[in-house]
Every structure is written in C-alpha cells, then in structure tokens.
Amino acid sequence: MAVKIQPLSDRVLVAPQEAETKTASGIIIPDSAKEKPQRGKVVAVGNGKKDHEMTVKKGDTVLYGKYAGTELKFEGTDYLIMREDDILAII
C-alpha cells in the first residue's frame, strides 16, 4: 500500500503499532489503562538535510519517545510524523 504523504527534510512518517491488550501473564488491559504505543513501522522518509543523511529507511521498526511527533489521520489510518532525532532506536 503506497501512502500519498511524502515527509520533508529530516521528517519520518510512522504507523504506530497497536497498544497491548493483554499483559505477559494474561491479564486483559482495559482501554482506559492502555499506554500510548512507543513502537511503529516507518512508512515514508524525507530526503534529509544538506549535511545530514537519513539513518532510517522505509520498512524499519522503530522505538520513539512517548510524546514524540504529531498525530495525524489520513484516509482512515493513524500516523505520526516526527523528526528523525525523535527516534530512539531501530529494532
């Protein structure tokens, strides 16, 4: 599925993974207690800055800060758009 959004400069478009619905021990987590996901898949990447080449690429699974990026809904799908600096690690 091709996304019609192309991030500019050093920005990255991420599709967040779903929040966990069950703990490791099998306890079901109610919607009111779910944590905001901090993991997602890179959907699109900008060209980078003049003196900075992009490290992440399309298809990478990444970890990002809890309050990183700007939430946006495009064609019924939730995305986050953030600077590459907000990404903490590639998994």
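Higher on the page you've got the structure.
Procedures and definitions
- Residues numbered from 1 in each chain as written.
- Predicted model: local features only at pLDDT ≥ 70, side-chain atom pairs only at ≥ 80, totals over all residues.
- Heavy atoms only, no water.
- Pairing = 2+ DSSP bridges.
- Helix = DSSP H or I, 4+ residues; strand = E, 2+ residues; numbered from the N terminus.
- Contact = heavy atoms within 4.5 Å.
- Salt bridge = Lys/Arg side-chain N within 4 Å of Asp/Glu carboxyl O.
- Buried < 20%, exposed > 50% of the residue type's maximum accessible area, 1.4 Å probe, protein only.

**Notes on the pairing of strand β3 (residues 61-64)**
Pairing of strand β2 (residues 39-45) with β3 involves three bridges; the strand directions are antiparallel. If you follow Lys41 over to β3, its bridge partner there is Thr61. Judged from the three bridges that link them, β3 and strand β6 (residues 87-90) form a sheet pairing that is antiparallel. Across the sheet, residue Leu63 finds its bridge partner in β6, namely Ala89.

**Some points on the pairing of strand β4 (residues 70-74)**
Pairing of β4 with strand β5 (residues 77-83) involves five bridges; the strand directions are antiparallel. Along β5, the bridge assignment pairs Lys73 with Asp78. Here β4 hands over to β5 after two residues, with Glu75 in that stretch at a positive phi of 50 degrees.

**Structural notes on the environment of Val43**
Turning to its location among the elements, Val43 is positioned in strand β2. Expressed as a C-alpha distance, the spacing of Val43 and Glu71, which sit 28 residues apart in the sequence, is 14 Å. In this structure, Val43 is in contact with Val3, Leu13, Val14, Ala15, Lys58 and Tyr79, ignoring residues within four places of it in sequence.

**A word on the pattern of salt bridges**
On inspection of all chains with the given rule, the structure shows four salt bridges. For Glu75, the salt bridge goes to Lys4, with nearest N and O atoms at 3.7 Å. Separated by 71 residues along the polypeptide, Glu75 in the loop between β4 and β5 and Lys4 in the segment before β1 (11-16) bring together distant segments of the chain. Assessed through its relative accessible area of 61%, Glu75 is described here as exposed. Ionic pairing is found between Asp10 and Arg83, a salt bridge with its closest N-O pair at 2.7 Å. Of the two residues, Asp10 is situated in the segment before β1 and Arg83 in strand β5; the sequence distance between them amounts to 73 residues. A relative accessible area of 4% means that Asp10 is categorised as buried. The partly exposed category is assigned to Arg83, whose relative accessible area is 33%.

Interpretation note: all reported values are geometric properties and have no functional meaning in isolation.
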